[in-house]
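Residue-level listing of the chains:
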Amino acid sequence: MERQEADCRAWAARHGLLVRQVHVDRGRSGCKSVTRKGFEAARRAVTSGVVRTLIVWKLDRLSRKGTAEVGPLLDAFDLIGGRLVSVMDGLDSSRPGDRLAMASLSEWARAEAEIQGERIRHAKRYLRSRGRSRTKPSPGGRS
């Protein structure tokens, strides 16, 4: 997370922006239905006009809920002249076409999270059916 913040700060400095706030949801999944205080605080900071730009390291670090979450966020930012920047994706919602790319990437992140979740559930079911509930190799190196 420190590296991600450093990359975002460097992007802000290159573009003449002052970092006013840093919001983090350490240990909170961007795909689960949980309250993410950092996400909500960042959204409020932009929609209230406290900041005009939300900088994220990568779009899938912001959310893995697809356009259901990212779309309304972009709409709200547009209404007040705010923007979302994804450093590693090279996207800025204020540029023509980048909003479409953000929508697409947000859906890819959602799909990736669903696929990964299914793989994990399948592996756990398999291990339980074999009488094992751990994912670490058994003694002797065989799993």
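These figures come from a predicted structure and were not determined experimentally. (Residues numbered from 1 in each chain as written. Predicted model: local features only at pLDDT ≥ 70, side-chain atom pairs only at ≥ 80, totals over all residues. Heavy atoms only, no water.)

**Points about the overall build of the chain**
No. 1: Regarding its fold elements, the chain presents 5 helices and 3 strands.
No. 2: The secondary structure elements of the chain, listed N-terminal to C-terminal, are α-α-β-α-α-β-β-α.
No. 3: Residue pairs at least 24 apart in sequence account for 60% of intrachain contacts in the chain once pairs closer than 6 positions are excluded.
No. 4: Carbon and sulfur atoms make up 52% of the accessible area of the chain, which amounts to about 9,400 Å² in all. (Helix = DSSP H or I, 4+ residues; strand = E, 2+ residues; numbered from the N terminus. Contact = heavy atoms within 4.5 Å. Areas by Shrake-Rupley, 256 points an atom, 1.4 Å probe, with all protein chains shown as cover.)

**Description of the sheet that holds strand S1 (residues 53-56)**
No. 1: Spatially, S1-S2-S3 is the arrangement adopted by the 3 strands of the open sheet, whose pairing is mixed. Of all strands in the sheet, those with a lone pairing partner are S1 and strand S3 (91-92), marking the two edges.
No. 2: Relative to strand S2 (residues 83-86), S1 runs parallel, the two sharing 4 bridges. Residue pairing across strands places Ile55 opposite Val85, the latter belonging to S2.
No. 3: Docked against the sheet, helix H1 (residues 2-14) engages S1 and S2, running at close to 135 degrees with respect to S1. (Pairing = 2+ DSSP bridges. Axes fitted to C-alpha atoms, helices over the stretch in contact; angles between N-to-C directions.)

**Observations regarding the side chain of Gln4**
No. 1: Note on placement: Gln4 falls in helix H1.
No. 2: For Gln4, a relative accessible area of 18% gives the class buried.
No. 3: Excluding residues that lie within four positions of it along the chain, Gln4 makes contacts with Trp57 and Arg61. (Buried < 20%, exposed > 50% of the residue type's maximum accessible area, 1.4 Å probe, protein only.)

**A word on the pattern of salt bridges**
No. 1: If you walk through the whole model with that rule in mind, you get 15 salt bridges.
No. 2: One connected set of salt bridges, linked through shared partners, spans Asp60, Arg61, Arg64 and Glu112. (Salt bridge = Lys/Arg side-chain N within 4 Å of Asp/Glu carboxyl O.)

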